[in-house]
Amino acid sequence: MSIYLFDEQPIIANKTLAREIGLNEALILQQINYWIEIDKKSGNNYYDGRYWTYNSIRAWQENNFDYMSVDTVKRTFAKLEKAGFLLVGNYNKDPRDKTKWYTINTEKLEELYTEIQNKKKKWEVKTLEKTIPTALVQNAPMEESKIYQSKSAKCTDASEQNLSMQNGIMPQALPEITTNNTTDNSIHQSIIDKEYLQNKERNDGQIER
């Protein structure tokens, strides 16, 4: 029926639900859900679009919550009704029978689930906001050190270049790559290759003689 409730026999409760509405309240909701699931399987006690279960407070205490006092059970049921988690009806055949019928307000539980998720998201955002400034402060000295090292390296290069110029040593410029240079280099290489081949042919001829 709900992500917070189980369809099994053991009387257990979801920890999140217990933290939000109380342990006794969570246990009673769970047990009521157990009986409603039985009614669903048998198709009984279906009224006004919902499945219901019923009992007197004393019967609830004796048969389901004997580890609680009658007053505690009565007070917990009343609290769940007031909070809107329990819906109350009267489908008794005898008009004089005032035994209350109960069903779980699943819409109310879904609202609670959404509220809890929103709280978690807000908490995560606050935690992240606290973490980011700390990380920035921790990284600041490292960034300043990198900047200082970069500036020092640039200053050293500039000093060395100035010293070379003062000593009359000019930095060697990179050769300009042009079409003419490329053509000249190709012609020069062709001449070298031609001379090499001619010399090789002469040597080969002398060996044959």
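Note that this is a predicted model, so its numbers are computed, not measured. (Residues numbered from 1 in each chain as written. Predicted model: local features only at pLDDT ≥ 70, side-chain atom pairs only at ≥ 80, totals over all residues. Heavy atoms only, no water.)

Asker: Which parts of the structure should I look at to understand the overall build of the protein?
Answerer: A tally of regular secondary structure across the protein gives six helices and five strands. Buried positions account for 24% of the 209 residues belonging to the protein. Sequence-distant contacts in the protein: of pairs separated by 6 or more residues, those separated by 24 or more amount to 56%. Carbon and sulfur atoms provide 53% of the accessible area of the protein, an area that totals close to 15,700 Å². (Helix = DSSP H or I, 4+ residues; strand = E, 2+ residues; numbered from the N terminus. Buried < 20%, exposed > 50% of the residue type's maximum accessible area, 1.4 Å probe, protein only. Contact = heavy atoms within 4.5 Å. Areas by Shrake-Rupley, 256 points an atom, 1.4 Å probe, with all protein chains shown as cover.)

Asker: I would appreciate a short explanation of helix α2 (residues 23-42) in the present structure.
Answerer: For the α-helix, the turn length of 3.6 residues means that residues three or four positions removed from each other point alike. The terminal C-alpha atoms of α2 lie 29 Å apart, and with 20 residues this matches the ideal 28 Å at 1.5 Å per residue to within 8%. One or two positions beyond α2, positive phi appears at G43, with a value near 75°. (Expected span 1.5 Å × (residues − 1).)

Asker: Which parts of the structure should I look at to understand the sheet that holds strand β5 (residues 101-104)?
Answerer: Each strand in a sheet pairs with another by means of backbone hydrogen bonds, the pair being arranged parallel or else antiparallel. With antiparallel pairing, the three strands of this open sheet are ordered in space as β3-β5-β4. The open sheet has two free edges, formed respectively by β3 (53-54) and β4 (86-89), since each of these has just one partner strand. Examined bridge by bridge, β3 and β5 share two bridges and lie antiparallel to one another. Paired with T53 across the strands is Y102, a residue of β5. (Pairing = 2+ DSSP bridges.)

Asker: How do you make sense of the packing of α2 against helix α4 (residues 70-83) when you look at a structure like this?
Answerer: Contact geometry of α2 with α4 gives a least axis separation of 10 Å together with a crossing angle of 80°. Our classification of the angle between α2 and α4 gives roughly perpendicular. Along the contact surface, α2 presents N24, E25, I28, L29 and I32, while α4 presents T72, V73, T76, F77, K79 and L80. A breakdown of the residues in the contact of α2 with α4 according to their chemical character gives six nonpolar, three polar and two charged. (Axes fitted to C-alpha atoms, helices over the stretch in contact; angles between N-to-C directions. Parallel < 35°, antiparallel > 145°, perpendicular 65-115°, else oblique. Nonpolar A, V, L, I, M, F, W, Y, C, P; charged D, E, K, R; others polar.)

Asker: Looking at this structure, how should I read the confidence of the model for the protein?
Answerer: It should be kept in mind that the predicted coordinates are not to be read in detail where pLDDT is low. Of the residues in the protein, 60% have a pLDDT of 70 or more, and the chain-wide mean is 78. Confidence over residues 177-183 falls short of pLDDT 50; this stretch has one contact with residues more than four positions distant or in other chains. (pLDDT = per-residue confidence, 0-100.)

Asker: Before we go on, may I ask you to explain unusual backbone geometry in this structure?
Answerer: Most peptide bonds take the trans configuration, and most residues that are not glycine carry a negative phi. Even without a glycine there, the phi angle at N45 is positive, about 55°. Along the chain, N45 turns up in the loop between α2 and β1 (46-47). In this structure, D48 is a non-glycine residue whose phi angle is positive, near 55°. Its place among the elements puts D48 in the loop between β1 and β2 (50-51).

Asker: Even after reading the chapter, I still don't get the nonpolar core, so can you show me in this structure?
Answerer: In this structure, L17, L29, I32, F77, L86 and I104 are the most contacted members of the largest nonpolar core, which totals 23 residues. Sort the elements by how many residues they give to this core and α2 lands first, with six residues. (Core = buried A, V, L, I, M, F, W, Y, C linked by side-chain atoms within 4.5 Å.)

Asker: I keep staring at the pattern of salt bridges and nothing clicks. Help me out?
Answerer: Two side chains that carry opposite charge are able to pair once their charged atoms sit near each other. Under the counting rule described, the total for this entry stands at seven salt bridges. Residue E20 is joined to K119 by a salt bridge in which the shortest nitrogen-to-oxygen separation is 4.0 Å. Of the two residues, E20 is situated in helix α1 (residues 15-21) and K119 in helix α5 (residues 106-166); the sequence distance between them amounts to 99 residues. A relative accessible area of 35% means that E20 is categorised as partly exposed. Linking E25 and K79 is a salt bridge whose minimum nitrogen-to-oxygen distance equals 3.4 Å. Of the two residues, E25 is situated in helix α2 and K79 in helix α4; the sequence distance between them amounts to 54 residues. By relative accessible area, K79 is classed as partly exposed at 47%. (Salt bridge = Lys/Arg side-chain N within 4 Å of Asp/Glu carboxyl O.)

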